[in-house]
Amino acid sequence: CASIILVGLCYRNEKNYLSFGSTILKKISKIAFDNYGFPKSRNIKQLIFYLKYFILIREWFKESRINIPEHIDETIYYLGQGYAFFWQNTGSDFLFNGNNNSNNIEFDNYLKRLGYTFKNDNQECGGYIILKNKKICLSMDAGSVPNAKYTKDYQSGALSFEIISNKKKLISNCGFYKSNNIQLNKLSKSTATQSTLIIDDTSSNKFTKINNHWLIKKGLKIIKRNIIFEKNYWKVNASHDGYLRKYNSIHERKIEFYPEQMSFIGIDRIIKKKLNYNHKFDIRFHLEPNVKLMKTQDNKTIFIQLDDEGWKFTCDNFNINIDNGLYFGNKNSYTNNQNIFISGISYNQIENINWEIKKI
């Protein structure tokens, strides 16, 4: 589409190219973006991809001294809001829904050189929540699953979260594997590679294989979401229905952060609509490959070494352990990593799993 527009701008007597390219661009916007100008796929990488091309096309119009179509300016504004929310406000990559580690510094310099400035002071965007101060950043995927046709790169990470401490990733998701290895691609889309709850070793979404792509067959919905963001107290509280159909259960997660104590208090709640059988569950907290873990002899505490920082992980009422996994944070590659996991059986109609991550 960009190439067609460029030809139309270069060869003024070939007006059909410009008209045709502009029409296609409008259709792409209508198909790809929701009413708030965010990609319907909820894919952060796609958001940046679209922003780059819309700015490129806008600059071509500008250099050609042709009026810039209003819908291009509008689209750049909304995409820029998303870019500021995810990258410019934090300088970090969040491994949700097809995203990998990247480096957008050159793109930032490009934007600065051309005079583009974006600002977004909201705590929510595109179904994601980001709360931050100068030292800590807490992010969560609290959005519903997109329409099935937009789920080629979607990962089952509802209510998964990441923590960044002094620009270093303390808790992470595992990233996304997009290359030709179908098995690794499917694995990276599963709930197990996210820092969230799993029931009976089953993902919160069911995938089906169509044209060599794993797409969501039936997606979950977020049924509750609440945020409190104050100087000395943060809270994110959300729930989804991904386990309702098969296990008659709702997963609800509440994470509180106390900045003065540098403590994250978490409660994962399994709410059964029918008390007819017990569920095995795991809650995983993935870490980047360079992060080191050590479990105490009483099996009640796991120490986390994040470069020069020390943190401890505890759980009041269930077993905790360390497991090995795969990390797909860097594009089309993988390496070994570790995760902390809580495991147990849910016997009660409302099962509360309490955990804490505290700096030491």
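For the structure, see preceding data.
A brief structural summary. (Residues numbered from 1 in each chain as written. Predicted model: local features only at pLDDT ≥ 70, side-chain atom pairs only at ≥ 80, totals over all residues. Heavy atoms only, no water.)

### Some remarks on the environment of Gln261
To keep it simple, the criterion reads: Runs of H or I in DSSP of at least four residues are treated as helices and runs of E of at least two as strands, each being numbered from the N terminus. Partly exposed residues are those whose accessible area sits between 20% and 50% of the maximum for their type, while under 20% is buried and over 50% is exposed, using a 1.4 Å probe and protein chains only.
Looking at the secondary structure, you find Gln261 in the loop between β11 (249-258) and β12 (263-272). Relative accessible area serves as the criterion here: at 41%, Gln261 is assigned to the partly exposed category. Residues Gln261 and Ile171, spaced 90 residues apart in sequence, show a C-alpha to C-alpha distance of 18 Å.

### Some points on the packing of aromatic side chains
For clarity, the threshold we go by: Side-chain rings of Phe, Tyr and Trp (the six-membered ring for Trp) are treated as a pair once their centres are within 6.5 Å; stacked means planes under 30 degrees apart, edge-to-face means over 60, and tilted covers the remaining angles.
Enumeration over the complete set of coordinates arrives at 27 aromatic pairs. Consider the rings of Phe85 and Phe86, whose centres lie 4.9 Å apart with planes at 90°: the pair is edge-to-face. Take Phe86: its relative accessible area is 4%, and that puts it in the buried class. Relative to Phe318, the ring of Phe281 has its centre 5.1 Å away and its plane inclined at 80°; by these criteria the two rings are edge-to-face. With a gap of 37 residues between them, Phe281 in strand β13 (residues 279-286) and Phe318 in the loop between β16 (309-315) and β17 (319-327) connect regions that are remote in the sequence. A residue is classified by how much of its surface remains accessible, and Phe281, at 0% relative accessible area, is buried. Of the aromatic side chains, those joined through ring pairs into one cluster are Phe33, Phe49, Tyr50, Tyr53 and Phe54.

### Focus: helix α1 (residues 2-10)
Since one α-helical turn is 3.6 residues long, residues separated by three or four positions face the same way. Applied cut-off: To be clear, the arc concerns the directions from the helix axis to the C-beta atoms.
Three or more residues of α1 are buried, namely Ala2, Ile5, Gly8 and Leu9. Along α1, the residues classed as buried sweep out an arc of 125° about the axis, all on the same side. Residues of α1 that are exposed and angled more than 90 degrees away from the buried face: Ser3 and Cys10.

### What about unusual backbone geometry?
For Asn166, which is not glycine, the phi torsion reads 50° and is therefore positive. Looking at the secondary structure, you find Asn166 in the loop between β4 (161-165) and β5 (168-171). Even without a glycine there, the phi angle at Asn332 is positive, about 55°. With respect to the element layout, Asn332 can be found in the loop between β17 and β18 (335-346).

### A short note on the sheet that holds β12
For clarity, the cut-off: Here the rule is simple: two strands pair whenever DSSP picks up at least two bridges between them. For every element, the axis is a line fit to its C-alpha atoms; helices are fit only across the contacting stretch, and the angle between N-to-C directions ranges from 0 to 180 degrees.
Ordered by their spatial adjacency, 8 strands build an open sheet running β9-β10-β11-β12-β19-β16-β15-β14, and the pairing between neighbours is antiparallel. Strand pairing shows two members of the sheet lacking a second neighbour, β9 (222-230) and β14 (292-295), which therefore form its edges. Taken pair by pair, the neighbouring strands of this sheet meet at an average axis angle of 15°, ignoring direction.

### Thoughts on the environment of Lys52
Looking at where Lys52 falls in the secondary structure, it is placed in helix α3 (residues 44-63). You can call Lys52 partly exposed: its relative accessible area is 37%. Put simply, Lys52 and Leu79 are 27 residues apart on the chain and 9.5 Å apart in space, counted from C-alpha to C-alpha.

### Here we look at the pairing of strand β2 (residues 128-132)
For a regular strand, side-chain orientation follows a simple rule: the groups alternate between the two sheet faces. Extensive coverage of β2 is indicated by the burial of 4 of its 5 residues. With 2 bridges connecting them, strand β1 (residues 124-125) and β2 associate as antiparallel partners. Residue Cys125 lies in a different strand from β2, and its bridge partner there is Tyr128. The antiparallel hairpin formed by β1 and β2 contains 2 residues in its connecting segment, where Gly126 sits at a positive phi of about 60°. The sheet contact formed by β2 and strand β3 (residues 136-141) spans 5 bridges and is antiparallel. Looking at the pairing, Lys132 lines up with Cys137 of β3.

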